[in-house]
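Architecture at a glance
Next come the chains, spelled out residue by residue.
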Amino acid sequence: MVFTETAEMRAFCSEFTIIGGLYRTKDNLFDESMKNINLVCRMHVHFLIVLAYIWTKSAGGVSISFGRGDFGRLGHGNSSDLFTPQPIKALQGIRIKQIACGDSHCLAVTMEGEVQSWGRNQNGQLGLGTTEDSLVPRKIEAFMGIPVKMVAAGAEHTAAVTEDGELYGWGWGRYGNLGLGDRNDRLVPEKVSANVVGILCGMFLLITIRLFLITATTLYF
């Protein structure tokens, strides 16, 4: 993924490996002048997911994704791999301020503070109250009336900070990575603490920033 001096995004997908073999394609180029770019890439072992929200002069805000598509992680209603950037139809017309990718799930925060999630959900990391995968973005109803500022995605867990500085965690909790004091999974967002201004999820951990104090849920093996 390359950004040019003229605020263009150039995504080259000439070769990548997925389980089952090596797939080679002709160089694919997605190139448009933009005002704003919100991009995240998630790479794990043998696959790459690219999710981006771009603002073009011609089409306005557009959410795109490409790469490995199993579990519906690309949000296009199927589990197919994509070798070129494609708009996510379910997010058409929705203004996005932040996006995040876990190993097999993705999230988007709208300008209104709502959270959309999709992809794999075996540990409840989508926050939808079930463990069913979602092939398309779905709104997390638990945040109705609670504007979210940002989200972060770990391997199979997710965290969010609200506009009021409250931290929520959900999904896989085996190593205490939700910060809720136990090893249990959560199918919906659960409040962890307050006065949080930033978050970052690793594969098995959650880091929060509280008024310039950095704390972390640490794992011991």
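Structure shown above.
Remember, predicted model here, so these are calculated numbers, not experimental data.

**Remarks on the overall build of the protein**
When its secondary structure is counted, the protein shows zero helices and 19 strands. Looking at the protein as a whole, 47% of its 221 residues qualify as buried. Sequence separation of 24 or more characterises 45% of the internal contacts of the protein that already satisfy a separation of 6 or more. Of the accessible surface of the protein, which amounts to about 10900 Å², a share of 53% is contributed by carbon and sulfur atoms.

**Considerations on the packing of aromatic side chains**
Following the criterion strictly, the structure yields three aromatic pairs and no others. Ring geometry for Phe143 and Tyr168: centres 5.4 Å apart, planes at 80°, overall edge-to-face. Here Phe143 is found in the loop between strand S12 (134-139) and strand S13 (148-153), whereas its partner Tyr168 is found in strand S15 (residues 167-171), with 25 residues between them in sequence. Take Phe143 and Tyr168: they sit in the same class, and that class is buried. Judged by centre distance (5.7 Å) and plane angle (65°), the ring pair of Phe143 and Trp170 falls under edge-to-face. Taken together, the residues Phe143 in the loop between S12 and S13 and Trp170 in strand S15 connect sequence positions 27 residues apart. Of the two residues examined, Phe143 and Trp170, each falls in the buried class. An aromatic cluster is built from Phe143, Tyr168 and Trp170, whose rings are joined through pairwise contacts.

**Topic: the pattern of salt bridges**
Throughout the structure, instances matching the rule amount to eight salt bridges. With a closest N to O distance of 2.9 Å, Lys191 and Glu166 form a salt bridge. Note that Lys191 is positioned in strand S16 (residues 186-193) and Glu166 in the loop between strand S14 (157-162) and S15, a separation of 25 residues in sequence. Take Glu166: its relative accessible area is 21%, and that puts it in the partly exposed class. Taking the shortest distance from any N to any O, the salt bridge between Glu190 and Arg186 comes out at 2.7 Å. The class of Glu190 is partly exposed, set by a relative accessible area of 33%.

**A short note on the nonpolar core**
Formed by 14 residues in total, the largest nonpolar core has its most connected members in Leu107, Val115, Ile140, Phe143, Val148, Val151 and Trp170. Taken together, the elements giving at least two residues each to this core come down to strand S10 (105-110), S13 and S15. A total of three residues in this core trace back to one element, the largest contributor, which is S13. Contact partners of Ile140, with chain neighbours within four places excluded, come to Leu107, Val115, Ser117, Leu126, Gly127, Leu128, Trp170 and Pro189.

**Considering unusual backbone geometry**
For Phe71, which is not a glycine, the phi torsion comes out positive at approximately 70°. Looking at the secondary structure, you find Phe71 in the loop between strand S7 (60-67) and strand S8 (82-87). On the accessibility criterion, Phe71 (27% relative accessible area) is partly exposed.

**As for the side chain of Gln98**
If you trace the backbone, Gln98 turns up in strand S9 (residues 96-101). A relative accessible area of 18% means that Gln98 is categorised as buried. A polar atom in the side chain of Gln98 sits 2.7 Å from the backbone nitrogen of Val151.

The rules we used
- Residues numbered from 1 in each chain as written.
- Predicted model: local features only at pLDDT ≥ 70, side-chain atom pairs only at ≥ 80, totals over all residues.
- Heavy atoms only, no water.
- Helix = DSSP H or I, 4+ residues; strand = E, 2+ residues; numbered from the N terminus.
- Buried < 20%, exposed > 50% of the residue type's maximum accessible area, 1.4 Å probe, protein only.
- Contact = heavy atoms within 4.5 Å.
- Areas by Shrake-Rupley, 256 points an atom, 1.4 Å probe, with all protein chains shown as cover.
- Phe/Tyr/Trp six-rings, centres within 6.5 Å; stacked < 30°, edge-to-face > 60°.
- Salt bridge = Lys/Arg side-chain N within 4 Å of Asp/Glu carboxyl O.
- Core = buried A, V, L, I, M, F, W, Y, C linked by side-chain atoms within 4.5 Å.
- Polar contact = N/O pair within 3.5 Å; in protein donor to acceptor, adjacent residues only side chain to side chain.

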